[in-house]
Amino acid sequence: MLDPTISAAATASLEAVINKALQYDPATRRRLQALAGKSLALEASEPRLVLCVHFDSDRVRIGSHIDNPTTCLRGSLSGLLQLATSERVNLADSQVEAWGNTALLADIKTIARDLDLDWEEAINDWLGDVLGHQLAEQLRCRMDWLKARGQSGKRLLGEFLTEELRAVPAAAELRTFSDQVDQLRLAADRLEARLQRLRQHWPSNNPPV
Amino acid sequence: MSEKKTTHFGFQEVPVDEKAGRVADVFHSVAGKYDLMNDLMSGGIHRLWKRFTIELSGVRRGHKVLDIAGGTGDLSYKFSKLVGPEGLVVLADINESMLRVGRDRLTDRGVAGNLVVSQADAQYLPFPDNTFDCITIAFGLRNVTDKDLALRSMLRVLKPGGRLLVLEFSKPQSDLLSKAYDTYSFRVLPFMGKLVTNDADSYAYLAESIRMHPDQATLKQMMEDAGFANCDYHNMTGGIVALHKGIKP
C-alpha cells in the first residue's frame, strides 16, 4: 500500500490537471453537472491501487478513499486500463466487476467519448492570441502529418509482416481458419450428440463391443 | 502537604494550570507567520496530510463539522465547500490570535454563511451533546493539557456514528528516518524559526512537544479508552505524522 502522502500528491496533481483541462471544454463541464454528487471508485488489485472520482457541480475531485461510492469497479489494473481505453461498453470477459449503479459508467463513457478540449485556447492563455494561433496551426499541421504517417505506417507494417515476411497470417487467412475451426467444433458437437443418443437407445446391460 | 500536579511543556515539567498559558504564548508569537512557517518547515507536505484527512472525513453536503485547533482555517475552508450552504463548519481554537488570523483569512476567501468561529477549549467543548457528524483536530492534540479529557469531550459532542480524526505528529517507523528527523527538528527548525519569526524558542517547543506526544499505538488506545469504536490509524510520510480515526458508537 502506498504511503498516503504519495497517493495524496498523485491524486492532487491528477485533480489539478483534470480540472484545468475541463476549463477548456465548457460542453463537457456542462454535461458533468448532471453527475454532481455521484462518485466512482476504481479498485485495482496487483498492484493494489484505489482511485476515487467524485463529481461536483463545477469540478471533479480525485482521491484514494471514498465512503459508499455510487459505482465501484474492481479488477486487475490491466483489465481496468483496457476497459478505460477500449471502445467496449460492457464488462463481459473484462475481468472487471462492477458494483452499484452501472448507469454512471455509461454516462462517463459517453462524456469521455465526446471530450473536445480547446487546447488552442490553452496555448493562447499562455502565449497570447497571435503567437498562440500560429503555434496551434503548426501543431495541427504536424499532428495531421503524424496521424497520416501513423495510419500508413500501420498498414505498411501489417503488409510487410503478412505478405513479405510471412511471420503472421493475413486477416482473411485467419478468418478462414477460424471458420474452419468453428465448423469442426460444430461437427464434433453433432457427433457427440449422436453418440449420446445411440447410447441411450442401447440396452445398458449389453453395451456395444 | 500535597504536591502540585505537573504536566509536560516540551521537555519541561510545568504545573498543570500553567501549560495552557505557556502554549498560548507560543501561538500568540507565531500566529502571524504560522502558514508561512508550516510551508517552510514541511516543504508544503502539510497540505497533503490535510488533504488525506479531508478524504477520510467522509464529509458531505449538509454535515456539521467541528475543526478543533483549526488555527488559520485550512481544513475549515475545504469543509465549508464540502458541506455546502445547508451544512455548518465550526472553526474552534483556544488561541485568540490564531483564531483571528483564521477568521480574517476565511473572510478574505469569501467563506460565509456556513461558518462559525468559536474560541473554545478542546477539554470543555461548549456545544450540546450529539451535535457534529465529524470532528477534526489537526496538530492540536499534543498541546492540550489533559488529552483524555479532551477526547471524552469530543466523544460527547459527536453524533452517534460520527467520526473523530486526529492528525498529529507521531513516531517515524524507521530508525534512519527517525535520526534524520531528530536532526532536522532540533537543529534546523529552531534556526528556521529564528530566521523567519525571530523566535527560536517556540520552534524548539514544537520539536520537544512532538517527542513527548503519545506514539501511534498509545494514542489509539487512548481513543478506545475514551469510548471510540473502530479506532485505526494511517502512518504518513513514514510515520512522521499519523492520522487516527475513531467512530462514536
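Residues numbered from 1 in each chain as written. Chains lettered and ligands numbered in written order. Predicted model: local features only at pLDDT ≥ 70, side-chain atom pairs only at ≥ 80, totals over all residues.

Caption draft 1: Here's a closer look at the overall build of chain A. The number of helices and strands found in chain A is seven helices and five strands. When its helices and strands are written in sequence order, chain A yields α-α-β-β-β-β-α-β-α-α-α-α. For a compact globule of 209 residues, the expected C-alpha radius of gyration is about 17 Å, and chain A comes in at 27 Å, more than 25% above that figure. In terms of principal-axis extent, the alpha carbons of chain A reach across some 90 × 50 × 35 Å. Put simply, chain A has 209 residues, and 13% of those count as buried. Relative to all contacts within chain A whose residues are 6 or more apart in sequence, the contacts with residues 24 or more apart total 52%. (Helix = DSSP H or I, 4+ residues; strand = E, 2+ residues; numbered from the N terminus. Rg over C-alpha atoms; globule rule 2.2 N^0.38 Å. Buried ≥ 20, exposed ≤ 12 C-beta atoms within 10 Å, placed from the backbone. Contact = placed C-beta atoms within 7 Å.)

Caption draft 2: Fine view of the pairing of strand S1 (residues 39–45) of chain A. In this structure, S1(A) lies alongside strand S2 (residues 49–55) of chain A, joined through six bridges in antiparallel fashion. Counterpart to Leu40(A) in the pairing with S2(A) is Val53(A). (Pairing = 2+ DSSP bridges.)

Caption draft 3: How the structure looks around helix H7 (residues 175–197) of chain B. Residues and elements named next belong to chain B. Relative to the 33 Å expected for 23 residues at 1.5 Å per residue, H7 spans 31 Å between its end C-alpha atoms, a close match to the ideal helical length. Three or more residues of H7 are buried, namely Tyr181, Ser185, Leu189 and Gly193. For H7, the secondary structure elements touched by its buried residues are helix H2 (34–42) and helix H8 (200–212). Residue Asn198 follows H7 closely and has a positive phi angle near 60°. (Expected span 1.5 Å × (residues − 1).)

Caption draft 4: Broad picture of the sheet that holds S1(A). Residue and element names in this part refer to chain A. Spatially, the five strands line up as an open sheet ordered S3-S2-S1-S4-S5, and their pairing is mixed. The open sheet terminates on both sides in strands that have one partner only, identified here as strand S3 (60–63) and strand S5 (96–100). Between one strand axis and the next, the sheet turns by 15° as a mean value, whatever way the strands run. Contacts from helix H3 (residues 77–85) reach S1, S2, strand S4 (71–76) and S5, with the element oriented near 120° to S4. (Axes fitted to C-alpha atoms, helices over the stretch in contact; angles between N-to-C directions.)

Caption draft 5: Inspection of the nonpolar core at higher detail. Formed by 67 residues in total, the largest nonpolar core has its most connected members in Val65(B), Leu66(B), Val89(B), Ala122(B), Ile135(B), Ile137(B) and Met154(B). In terms of residue count, the dominant contributor to this core is strand S7 (residues 158–169) of chain B (six residues). Once residues lying within four places of it in the same chain are set aside, the contact partners of Val65(B) are Val59(B), Phe79(B), Val83(B), Val89(B), Phe132(B), Asp133(B) and Cys134(B). Judged by nonpolar contacts, the second largest core, of 13 residues, contains Leu35(A), Val53(A), Phe55(A) and Leu83(A). (Core = buried A, V, L, I, M, F, W, Y, C linked by C-beta atoms within 7 Å.)

Caption draft 6: The packing of helix H1 (residues 4–22) of chain A against helix H3 (residues 45–57) of chain B, seen in detail. The interhelical angle for the contact between H1(A) and H3(B), taken along N-to-C directions, is 90°, at an axis separation of 9 Å. Relative to H3(B), the element H1(A) lies roughly perpendicular. Counting all contacts with H1(A), which are made through Pro4(A), Thr5(A), Ala8(A), Ala9(A) and Ala12(A), the residues of H3(B) involved are Ile45(B), Leu48(B), Trp49(B), Arg51(B) and Phe52(B). Each residue belonging to the contact of H1(A) with H3(B) can be placed in one class, and the counts come to eight nonpolar, one polar and one charged. (Parallel < 35°, antiparallel > 145°, perpendicular 65-115°, else oblique. Nonpolar A, V, L, I, M, F, W, Y, C, P; charged D, E, K, R; others polar.)

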